[in-house]
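Spelled out from the first residue to the last, the chains are:
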4 protein chains.
Amino acid sequence: MTKTRFLEIRHRTEEICKSLKPEDVSLQPVEFVSPPKWHLAHTTWFFEQFVLSEYKKNYEVFHEKFAYYFNSYYNNVGDKVLRTNRGLMTRPTLKQVLDYRNYVNEQMSEFLSADISTEIENVIEIGLQHEQQHQELLFYDIKYIFGHQPSFPTLDYNITLKPENQSQEFIKIDEGLYDIGHKGEDFCWDNELGRHKVYLNDFEISNRLVTNSEYMEFIEAEGYKDFNLWHAEGWDWVQNHNIEAPMYWHKVNGKWMHYTLQGFKAIEDELPVNHITFYEAFAYAQWKQMRLPTEFEWEVSSEHFKHGQLWEWTNSAYLPYPNYAKADGALGEYNGKFMVNQMVLRGGSVATSPQHCRPTYRNFFHAELRWQFSGIRLAK
Amino acid sequence: MTKTRFLEIRHRTEEICKSLKPEDVSLQPVEFVSPPKWHLAHTTWFFEQFVLSEYKKNYEVFHEKFAYYFNSYYNNVGDKVLRTNRGLMTRPTLKQVLDYRNYVNEQMSEFLSADISTEIENVIEIGLQHEQQHQELLFYDIKYIFGHQPSFPTLDYNITLKPENQSQEFIKIDEGLYDIGHKGEDFCWDNELGRHKVYLNDFEISNRLVTNSEYMEFIEAEGYKDFNLWHAEGWDWVQNHNIEAPMYWHKVNGKWMHYTLQGFKAIEDELPVNHITFYEAFAYAQWKQMRLPTEFEWEVSSEHFKHGQLWEWTNSAYLPYPNYAKADGALGEYNGKFMVNQMVLRGGSVATSPQHCRPTYRNFFHAELRWQFSGIRLAK
Amino acid sequence: MTKTRFLEIRHRTEEICKSLKPEDVSLQPVEFVSPPKWHLAHTTWFFEQFVLSEYKKNYEVFHEKFAYYFNSYYNNVGDKVLRTNRGLMTRPTLKQVLDYRNYVNEQMSEFLSADISTEIENVIEIGLQHEQQHQELLFYDIKYIFGHQPSFPTLDYNITLKPENQSQEFIKIDEGLYDIGHKGEDFCWDNELGRHKVYLNDFEISNRLVTNSEYMEFIEAEGYKDFNLWHAEGWDWVQNHNIEAPMYWHKVNGKWMHYTLQGFKAIEDELPVNHITFYEAFAYAQWKQMRLPTEFEWEVSSEHFKHGQLWEWTNSAYLPYPNYAKADGALGEYNGKFMVNQMVLRGGSVATSPQHCRPTYRNFFHAELRWQFSGIRLAK
Amino acid sequence: MTKTRFLEIRHRTEEICKSLKPEDVSLQPVEFVSPPKWHLAHTTWFFEQFVLSEYKKNYEVFHEKFAYYFNSYYNNVGDKVLRTNRGLMTRPTLKQVLDYRNYVNEQMSEFLSADISTEIENVIEIGLQHEQQHQELLFYDIKYIFGHQPSFPTLDYNITLKPENQSQEFIKIDEGLYDIGHKGEDFCWDNELGRHKVYLNDFEISNRLVTNSEYMEFIEAEGYKDFNLWHAEGWDWVQNHNIEAPMYWHKVNGKWMHYTLQGFKAIEDELPVNHITFYEAFAYAQWKQMRLPTEFEWEVSSEHFKHGQLWEWTNSAYLPYPNYAKADGALGEYNGKFMVNQMVLRGGSVATSPQHCRPTYRNFFHAELRWQFSGIRLAK
């Protein structure tokens, strides 16, 4: 654990937020979005709570109430502000929260100058991985906040998709017994363990993601109106919300436009289709008479194709691997308690922090969510 | 219409908001509260839309989209942002909105330097009265926003209640035929007309408001648990929301405290009880074996007692007077369309703008609302 | 109080229900509708609870649990089945409930054979008036249950509207002081007292109700699409529920049809328009550039026109008269607790029981309800 | 396919319903419960729609509207009554529906007297399997309807649980590659195919279900109050619904009682705990520091223990097997479209029809449902 790495990761969070105005940071427009200020503070609270207060001599907390304000789902660490009330806190101000970050960064720098045990190093590593996850959430949440107001503001931090313009091929993988899960000593989340064997049938998987132009064909073929393509729940979702296109798409004068963090613009054909629910990914695959890969198929074949533009929906539910053991104490709340009613996504996205992802990484979202950066890779 | 009066009233709005941070101004925590930024802009839009754009030569709007952002319920003036989406607009920023105010103030000053017709003067007068109403709403909304977050911020603008410590007396008014409604040439809202006769039976009305200590007796006597005191809908409201005290009251270590714009403090016995629904006012009066006055009784007797601390619930529904005629065009949407399912309050409050209220003034709220400054005067 | 009158009124309830199947009687399709079985039992429970159990020597209740099952809103008489759970009781069966009625009728007959005090007679009278109110509700509720299923069953009990085909005239009433409220010794509800003076301006009132063909003109003139005609709440109601016509109206192959208790049929032009909310009545009157009468105007002028086909919405809120005093005990829960957020209707309907209505009778419903028999009389 | 088998299965449905009163059969107390009358008619409609109308010469439908009334989720076969409106149909009556059953049974008997193709036989087989599924749902739905009304009626059709009083042992299964899915020519659902290999680690599985007395220990140890035992969604479910025990359990005078189809009675210690959500099954296993088996572990080990008392929650999500192919046409809507957000249960229950279940049978429910007969088997 170097001080440099710690500060680099921490600094990236502030960089992501640097074009935000104080007006932008307190808002929670919908239950699954958190205010940017909350992300800034919550990631900081992690180090104060689990590192400095525990291990740094004579550490004085920055503000006695911040633990209460900025705890999230860690039920084991006392009271917390309800998720749906996060968006009611206009105070502390952005300035105070940035001061909080600076204070904790300084304290951590001091702390990291001395020797620390492996146990503490592990906690700090989790804190940094946790912060990187919130960096990605910041992109999702800022995009949601900006993309749902009439002035469509832009974010001055560059992350962009590239064309998926290679010609489509299907990679063939042989039937057989494969090892799944994380191997080695590097960091991984508890949900990537234990490493175990999975038997796979023969399968084929696409070398690239589904593009906007391909997805537009599905729309034009009235894919959103054919219940045979959908899960029963997916069909209800389409009907109840009058869904006709991916999130952020708007038809303006007969032409599909969409909101991106660089502004409101015409859709580019060759970019991978983004902001897709599991329901839509499944329906699209049905329409193509193919299917989504399982997370095991994805992991086994991932060395054969490029990935990392968008999280890729798999047809695997988020469940524990054999011999899964959740971590002790509050940090054990991290993953296991979400292992029901969510689907696994693999591969990382342009919004994922550098060095954060790996082929065994298991991301997960509810089937009806799509504010995250998510796309489609076909299998058969 | 003098320029001075115009600017004084406009300036007061900015004064009320001067201790707000940019983080505070974009939030809509509940449907009936509007973000402070919205009040600042909407009151300005009124003058731009109904005065400058109509009557000032070569007027250029400050921003072509602001009419869309900051229109409210004027269905006659094109699209508007839905009331429940007001709290999603982090942009324009507070700075931009204050610039908008300045721009419109300057344009109006210029416009007011020349002669203007009575017709235009009337529209401007309505704009100022409208702004004064929003000034009062600003106090309610800021208090709601500050009073529902854990840090309980304070507002640096002084409005305070005074003790109602005169000994209670009941003023007797004789049965007879009385004139009700506005008389004379001064400004009044359309709902105060037509002036008409009402026959009243003998009645008595208290010379002062119900105080906190009196209301605490009702709480201690378990008034919130005795359905016989309540309207059926009031009882449902109490049950569904577990109501045990007025809004902003919290029992801390066995002692009643409340949030005020000056901070979180112990309740002062002799101040009038505030933030009361119609349901609670009615139940309290039932418990005292008295009743609330009608708005007609209130108007007829109001010269005999002090008022103006809190809006006083009457037992009158908000309905048109005989020969009520709503104004033409968009301004006609102001009052008449609310004349169902609301109750009348009379008398003004410490949050009411100077010179804004008068004895014939008819305020109105839904029976279950209490974020406004509202109290109880008994009759029998 | 004669035994004959008691049994006649009781018998009419059973007559109304005689074409119901056991399948029909347990259902509560919406919160404001009660299952027919519940009406049959609840009206019976009234006599058991307030007469037989109180005053008849050695009376044994028919079933110890029925008081719990069939109490309604009488909070003073112990636990009750929540209004929204009434529709979950498939048992007791219709047969058992009819047996309950017979048992109580026999016991009451026996009881009425002896002398009874005026006090008891008053309670029985209230019980009979109460049963007559439920007779009218039975028509509403059965119509709702039958009118919301695909087979549109009919009721074998004759109540029908007659044409309002007299030519329209407006009756002029002079300004002056009038007496309002019940006079004399006959039965009336507490809400019709105290009799008091009301001053009315000159007004005119129509000699007949608005007809279906007149209302269709409003529909064709796009009255449901012009927000200027509506209360703000009415407009929300229209928008949220996509209202385009009165309840039970369906456009089939370009022609308006409606469900009646005699079946699904074409709309007859000259019948009075029925199943109208207060919002619609108000909007229609606005469109005609007239208004609804107040309940006082209605009462004063009612001797000059025919009424009794449909309850007529007034523009008066349901509020207590001067010197209103609610009855003691459980029977006092009857009226006063509903005196908020409801509008008064006058005049009775074809579904009203014989001899039940009178010119001072004050019916009341929430502005958004229309399953009751309700129409429009214009005033100006 | 013999006529005898057809009629036996059909007759069982009527037998299950024989103690229902007409009042009981039209009610839909909650969205996931269907009225018994609907089950009776819908299973009949299946044969009319997919067999008689298709293949029987000159067949005349019993009633032209019944297809509309009693279709369920078969979007491919035209309009249907919305699931939540099923409980509004008091008509047709129970008598008419039983006549419908008789008519179709007679027509089918006639049809089965002649030779029929394998294709048609397959459709009829699906119709019978479908009817058996509805037989089990009838038990669930009748129990729900009876168990949620104050009189707690009983069902005169005997299905009862037996004690799980064998001493607990854990069966050890070796790691290895196993075949999963249906084998052979007998009927199975599409979701049991394709048969495929699954690699399993060593595991142990209990020889019996968790009993009421064991589950009571969990309750007494405050398992419902310890969020560490629960999925995040499970914890929300517990909090939002104030869950303290399985469905139908009530604490009366300090003693746990429950509603069964034989009446309201004290809980018997050695019976398996029933009416458990997946959330509760998971939390119980966590508390025991064990886990639920996967559906593959269950299938592989099932020959070593008794099962068939209650459906047993597995920790497997309901997903397609490799090479899963849904059937063509309307019958293809049967299973695949539910393969998201549901968990698999295995083993059958006392409410399952004779010969209906088998070790490869995959039942599935949403994690928060528990009106079905569902219990817990531990693994480790």
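Residues numbered from 1 in each chain as written. Chains lettered and ligands numbered in written order. Predicted model: local features only at pLDDT ≥ 70, side-chain atom pairs only at ≥ 80, totals over all residues. Heavy atoms only, no water.

Along the backbone of chain A there are nine helices and eleven strands. The C-alpha atoms of chain A give a radius of gyration of 21 Å, which matches the 21 Å a tight globule of 380 residues would have. Seen through its principal axes, chain A has C-alpha atoms that stretch 65 × 50 × 35 Å. Considering chain A as a whole, with its 380 residues, one finds that 61% of them fall into the buried category. By element, 46% of the accessible surface of chain A is carried by carbon and sulfur atoms, the whole surface being about 15300 Å². (Helix = DSSP H or I, 4+ residues; strand = E, 2+ residues; numbered from the N terminus. Rg over C-alpha atoms; globule rule 2.2 N^0.38 Å. Buried < 20%, exposed > 50% of the residue type's maximum accessible area, 1.4 Å probe, protein only. Areas by Shrake-Rupley, 256 points an atom, 1.4 Å probe, with all protein chains shown as cover.)

With that settled, the discussion passes to the sheet that holds strand 7 (residues 263-266) of chain B. Residues and elements named next belong to chain B. Sheet architecture is open: three strands sit in the order 5-6-7, paired in antiparallel fashion. The open sheet has two edge strands, strand 5 (249-252) and strand 7, and neither has a second partner. Each strand of the sheet is rotated relative to its neighbour by a mean of 35°, with strand direction disregarded. (Pairing = 2+ DSSP bridges. Axes fitted to C-alpha atoms, helices over the stretch in contact; angles between N-to-C directions.)

We now examine the relation of the copies chain D and chain A. For the pair chain D and chain A, the best superposition has an RMSD of 0.0 Å and corresponds to a rotation of 180° with a translation of 0.0 Å parallel to the axis. Such a combination of rotation and displacement between the chain copies is what one expects of a two-fold axis. Taking the C-alpha atom as reference, chain D places Asn-341 of chain D closest to the rotation axis, 2.4 Å from it. When the interface residues of chain D are mapped onto chain A, 100% of them again fall at the interface, so both copies present the same face. (Least-squares fit on C-alpha atoms with pLDDT ≥ 70 in both. Contact = heavy atoms within 4.5 Å.)

The next thing to look at is unusual backbone geometry. A cis amide bond links Leu-193 of chain A to the next residue, Gly-194 of chain A, at an omega of -10°. With respect to the helices, strands and loops of the structure, Gly-194 of chain A is situated in the loop between strand 2 (176-180) and strand 3 (196-200). Phi is positive for Asn-242 of chain A, close to 50°, though the residue is something other than glycine. For Asn-242 of chain A, the location among the structural elements is in the loop between helix 7 (232-241) and strand 5 (249-252). In this model, Asn-58 of chain D sits at a positive phi of 55°, which is unusual for a non-glycine residue. The class for Asn-58 of chain D is exposed, based on a relative accessible area of 73%.

Pairing is possible between side chains that carry opposite charge, provided their charged atoms lie close to one another. The full count for this structure, using the stated rule, is 72 salt bridges over all chains. Between Arg-291 of chain B and Glu-297 of chain B there is a salt bridge, and its shortest N-O distance comes to 2.9 Å. One salt-bridge network, held together by shared partners, links Arg-10, Glu-14, Arg-101 and Glu-131 of chain A. (Salt bridge = Lys/Arg side-chain N within 4 Å of Asp/Glu carboxyl O.)

Residue and element names in this part refer to chain A. Examined against the element boundaries, Ile-16 turns out to sit in helix 1 (residues 3-16). As a C-alpha pair, Ile-16 and Phe-139 span 123 residues in sequence and 7.9 Å in three-dimensional space. Ignoring anything within four residues of it in the chain, the contact list for Ile-16 reads Gln-135, Leu-138, Phe-139, Ile-142, Leu-155 and Tyr-157.

Turning to the side chain of Asn-105 of chain C, a few remarks are in order. Structurally, Asn-105 of chain C can be placed in helix 4 (residues 94-113). Setting aside anything within four residues of it in sequence, one finds Asn-105 of chain C in contact with Phe-6, Leu-7, Arg-10 and Glu-14 of chain C.

With that out of the way, let us pick up the interface of chain C and chain D. Between chain C and chain D, the residue contacts involve 26 residues of the former and 27 residues of the latter. Applying the counting rule to chain C against chain D returns two salt bridges. With a closest N to O distance of 2.6 Å, Asp-24 of chain C and Arg-91 of chain D form a salt bridge. At the junction of chain C and chain D, the tally comes to ten residue pairs in polar contact (both at pLDDT 80 or more). (Polar contact = N/O pair within 3.5 Å; in protein donor to acceptor, adjacent residues only side chain to side chain.)

What follows covers empty space enclosed by the protein. Taken as a whole and assessed by the stated rule, the structure comprises three cavities of 30 Å³ or more. Size it by volume and the largest cavity reaches roughly 90 Å³. As for the largest cavity, its lining consists of 14 residues, of which Ala-317 and Asn-341 of chain A together with Ala-317, Asn-341 and Gln-342 of chain D are closest to the centre. Looking at the lining of the largest cavity residue by residue, the class counts come to ten nonpolar, four polar and no charged. The calculated volume of the second largest cavity comes to roughly 70 Å³. Taken together, 14 residues make up the lining of the second largest cavity; nearest its centre are Ala-317, Asn-341 and Gln-342 of chain B together with Ala-317 and Asn-341 of chain C. Of the residues that constitute the lining of the second largest cavity, the class distribution is ten nonpolar, four polar and no charged. (1 Å grid on protein atoms, 1.4 Å probe; cavity = no way out; pocket = protein on both sides within 12 Å on 5 of 7 lines; lining within 4 Å. Points joined across faces, edges and corners; volume = space filled by probe spheres on them. Nonpolar A, V, L, I, M, F, W, Y, C, P; charged D, E, K, R; others polar.)

Residues and elements named next belong to chain C. Helix 2 (residues 36-55) packs onto helix 1 (residues 3-16) with a crossing angle of 155° between their chain directions and a minimal axis gap of 10 Å. Classified by the interaxial angle, the pair formed by helix 1 and helix 2 is roughly antiparallel. As helix 1 packs across helix 2, the resulting crossing turns out to be left-handed. Across the interface between the two elements, Phe-6, Arg-10 and Thr-13 of helix 1 pack against Leu-40, Thr-43, Thr-44 and Phe-47 of helix 2. Each residue belonging to the contact of helix 1 with helix 2 can be placed in one class, and the counts come to three nonpolar, three polar and one charged. (Parallel < 35°, antiparallel > 145°, perpendicular 65-115°, else oblique. Left-handed = near helix turned anticlockwise from the far one by under 90°.)

Moving on: the interface of chain D and chain A. Contacts between chain D and chain A engage 34 residues on the former and 34 residues on the latter. Counting the surface lost from both chain D and chain A, the interface buries some 2700 Å², and carbon and sulfur atoms represent 53% of this. Per-residue buried area on chain D facing chain A is highest for Tyr-199, Val-340 and Asn-341 of chain D; these three make up 20% of the total on that side. On inspection of chain D and its partner chain A, the count reaches zero salt bridges. (Buried area = accessible area lost by both parts, 1.4 Å probe.)

In the numbering used here, UniProt assigns the "domain: Sulfatase-modifying factor enzyme-like" (unreviewed entry) feature to residues 168-301 and 307-380 of chain A. Note that residues 168-301 of chain A is 27% helix and 24% strand, and that its end C-alpha atoms are spaced 16 Å apart. (UniProt positions renumbered as here; feature names shortened; annotations may be inferred.)

All right, on to the sheet that holds strand 8 (residues 311-317) of chain B then. Residue and element names in this part refer to chain B. Reading across from one edge, 10-9-8-11 is the order of the four strands in this open sheet, with mixed pairing throughout. Two strands bound the open sheet, and with one partner strand each, they are strand 10 (363-365) and strand 11 (374-375). In this fold helix 8 (residues 278-287) packs onto strand 8 and strand 9 (343-346), with an angle of close to 85° to the strand it touches most, strand 8.

Here the focus is the relation of the copies chain C and chain D. Each copy superposes on the other: chain C lies on chain D with an RMSD of 0.0 Å after a rotation of 180° and an axial shift of 0.0 Å. A shared binding surface is used by both copies, with 100% of the interface residues of chain C retained as interface residues in chain D.

It is worth spelling out the pairing of strand 3 of chain A at this point. All names here are of chain A. For strand 3, the tally of buried residues reaches four of five residues, placing the bulk of the element in the interior. Alignment of strand 2 against strand 3, held across five bridges, turns out to be antiparallel. Across the sheet, residue Tyr-178 finds its bridge partner in strand 3, namely Val-198.

Along the chain, the position of Thr-90 of chain A falls in the loop between helix 3 (66-70) and helix 4 (94-113). Exposure remark for Thr-90 of chain A: the relative accessible area of 0% places this residue in the buried category. Separated by 65 residues in the primary sequence, Thr-90 of chain A and Val-25 of chain A place their C-alpha atoms 8.5 Å from one another. Among the polar contacts listed, one links the side chain of Thr-90 of chain A to the side chain of Asp-24 of chain B, at a separation of 2.5 Å.

Core analysis: the biggest nonpolar cluster contains 381 residues, and Ile-124 of chain A together with Ile-124 of chain C have the highest contact counts within it. Looking at this core element by element, the count peaks at twelve residues for helix 5 (residues 118-147) of chain A. (Core = buried A, V, L, I, M, F, W, Y, C linked by side-chain atoms within 4.5 Å.)

Before going further, it helps to examine the domain arrangement of chain A. Residue and element names in this part refer to chain A. Segmenting chain A into domains produces domain 1 (3-147) and domain 2 (170-247 + 273-375). Between the C-alpha centres of domain 1 and domain 2 the distance comes to 28 Å. Counting from both sides, the interface comprises 25 residues of domain 1 and, opposite them, 24 residues of domain 2. Taken together, both faces of the contact between domain 1 and domain 2 bury some 2200 Å²; the carbon and sulfur share is 63%. Linking domain 1 with domain 2 are zero salt bridges, by the criterion used here. Put simply, domain 1 and domain 2 have twelve residue pairs in polar contact (both at pLDDT 80 or more) between them. Every element with two or more residues in the side of domain 1 that touches domain 2 is listed here: helix 2 (36-55) and helix 5. (Domains from an automatic or database assignment.)

Attention shifts here to the state of the cysteines. Disulfides are covalent bonds that connect the sulfur atoms of two cysteines. All names here are of chain B. The tally for this structure, following the rule as stated, stands at zero disulfides over all chains. Free cysteine Cys-188: the closest other cysteine sulfur is in Cys-357, separated by 12 Å. By relative accessible area, Cys-188 is classed as buried at 15%. (Disulfide = S-S within 2.5 Å.)

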